[in-house]
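Listed below, chain by chain, are the residues.
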Amino acid sequence: MKINLRIWRQRNTQEQGRLVEYTLDGVSGDMSFLEMLDLLNEQLTERGEDPVAFDSDCREGICGQCGVVINGVPHGGQGVAQPVRTTTCQLHMRSFADGSTITIEPWKAAAFPVLRDLVVDRTALDNVIAAGGYISVNTGAAPDAHAVQINKKRSDRSFDAATCIGCGACVAACPNGSSMLFTSAKITHLAMLPQGQPERVRRVKAMVAQQDAEGFGGCTNIGECASVCPKGIPLESISQLNRDLIASLFKHDGKDD
């Protein structure tokens, strides 16, 4: 395949970026999107040009570090002929036609400054987690699976929310740059479990406050976040966050009775 690429190039946070065009021959349909970028970087290096900087780690659709905006869609999976929920590293070039022009940009949000090319600083998401997305009590070894009985509907909701990999696609897709889907997933998966109850009120207050402090936008329930989430986190997670937040206004931190 022959692919025409328009890639965002930016040397650092201070400099202004721009789209640079490249033509890439010899692209196999079996290549992943990142392998295609590897091929481009090999050719750029051979020509003495700076390779395109992009994040990746597991390349197995688990960590979410590979996120970029492809033809206007975070991770690109919802913008191809046969839409699929996927991370960038698991999107394959067979999803594009020979001769296609592909525009590749970084996550663009006020809370995600561009470090170089397609690499952004997602520390803001880590800060939201650090504000309360955990259980602070040391519970020791894992208990037997049947030791604590949990309603199946609640356990399923907790598990579904816990699949969030924190890639930031929801923020990149939201016109407001909101992280509500991410934050709600981290709150919901603990709110549904007995172990998450003692800190439930403090958790939602602290995480929402940190989310605002990081510069994320407000949620207006547009739904773009859920449509591009590679793990299918449902929009109803935001409803759970809002219910917990409203309830917390009538309770003292640490008291959920």
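Computed from a predicted model, the values in this text were never measured in an experiment. (Residues numbered from 1 in each chain as written. Predicted model: local features only at pLDDT ≥ 70, side-chain atom pairs only at ≥ 80, totals over all residues. Heavy atoms only, no water.)

All right, on to the overall build of the protein chain then. Along the backbone of the protein chain there are eight helices and seven strands. Overall, the protein chain is about 65 × 40 × 35 Å in size when its C-alpha atoms are taken along their principal axes. Counting over 257 residues, the protein chain shows a buried share of 46%. Of the contacts made within the protein chain by residues no fewer than 6 positions apart, 69% connect residues no fewer than 24 positions apart. Accessible surface, the protein chain: about 12,800 Å² in total, of which carbon and sulfur atoms supply 49%. Counting 25 positive and 30 negative side-chain charges, the protein chain places the centres of these two groups 6 Å from one another. (Helix = DSSP H or I, 4+ residues; strand = E, 2+ residues; numbered from the N terminus. Buried < 20%, exposed > 50% of the residue type's maximum accessible area, 1.4 Å probe, protein only. Contact = heavy atoms within 4.5 Å. Areas by Shrake-Rupley, 256 points an atom, 1.4 Å probe, with all protein chains shown as cover. Lys, Arg positive; Asp, Glu negative; His and termini not counted. Charge placed at Lys NZ, Arg CZ, Asp CG, Glu CD.)

Attention now goes to the nonpolar core. Formed by 35 residues in total, the largest nonpolar core has its most connected members in Trp 107, Phe 112, Leu 181 and Phe 216. Contributions of two or more residues to this core are made by helix H2 (123-130), helix H4 (169-173), helix H5 (180-191), helix H6 (200-213), helix H7 (224-228) and helix H8 (236-248). Excluding its chain neighbours within four sequence positions, the residues that come into contact with Phe 216 are Ala 111, Phe 112, Ala 124, Leu 125, Val 128, Val 171, Gly 177, Ser 179 and Gln 211. Core analysis: the next-biggest nonpolar cluster, separate from the first, contains 29 residues, Leu 37, Phe 54, Val 68 and Ile 70 among them. (Core = buried A, V, L, I, M, F, W, Y, C linked by side-chain atoms within 4.5 Å.)

All right, on to the domain arrangement of the protein chain then. Domain annotation for the protein chain reports domain 1 (1-103) and domain 2 (121-247). Once you take the C-alpha centre of each, domain 1 and domain 2 turn out to be 29 Å apart. At the interface, 15 residues of domain 1 touch 13 residues of domain 2. In this assembly, domain 1 packs against domain 2 so that about 920 Å² is buried in total across both faces, 51% of it on carbon and sulfur atoms. For domain 1, the biggest contributors to the area lost against domain 2 are Pro 74, His 75 and Arg 85; these three give 49% of the whole. (Domains from an automatic or database assignment. Buried area = accessible area lost by both parts, 1.4 Å probe.)

On to the sheet that holds strand S2 (residues 18-24), then. The five strands are arranged S2-S1-S5-S3-S4 in an open sheet whose pairing can be described as mixed. Strand pairing shows two members of the sheet lacking a second neighbour, S2 and strand S4 (73-74), which therefore form its edges. Summarising the sheet, strand S1 (residues 3-9) and S2 pair through seven bridges and their orientation is antiparallel. Within S2, the position partnered with Leu 5 by the bridge is Tyr 22. Taken strand by strand, helix H1 (residues 33-46) contacts S1, S2, strand S3 (69-70) and strand S5 (101-105), and its axis lies near 90° from that of S2. (Pairing = 2+ DSSP bridges. Axes fitted to C-alpha atoms, helices over the stretch in contact; angles between N-to-C directions.)

Let us look at the environment of Val 73. Here Val 73 shows up in strand S4. Sequence separation between Val 73 and Ser 248 is 175 residues; the distance between their C-alpha atoms is 35 Å. Val 73 has contacts with Val 68, Gln 78, Gly 79 and Val 228, leaving out every residue within four places of it along the chain.

On to the state of the cysteines, then. Per the counting criterion, the structure on display carries zero disulfides. Cys 63 supplies the cysteine sulfur nearest to Cys 58, a cysteine that is in no disulfide, at a spacing of 3.6 Å. Residue Cys 58 is classed as partly exposed on the basis of its relative accessible area, which comes to 26%. (Disulfide = S-S within 2.5 Å.)

Bringing unusual backbone geometry into the picture now. Notably, His 75 is not glycine yet its phi reads approximately 70°, a positive angle. Positionally, His 75 belongs in the loop between S4 and S5. The exposure class of His 75 is buried, given its relative accessible area of 0%. Its identity as a non-glycine residue notwithstanding, Asp 117 has a phi of 50°, on the positive side. Inspection of the secondary structure assignment puts Asp 117 in the loop between strand S6 (114-116) and strand S7 (119-120). Its relative accessible area of 2% is what places Asp 117 among the buried residues.

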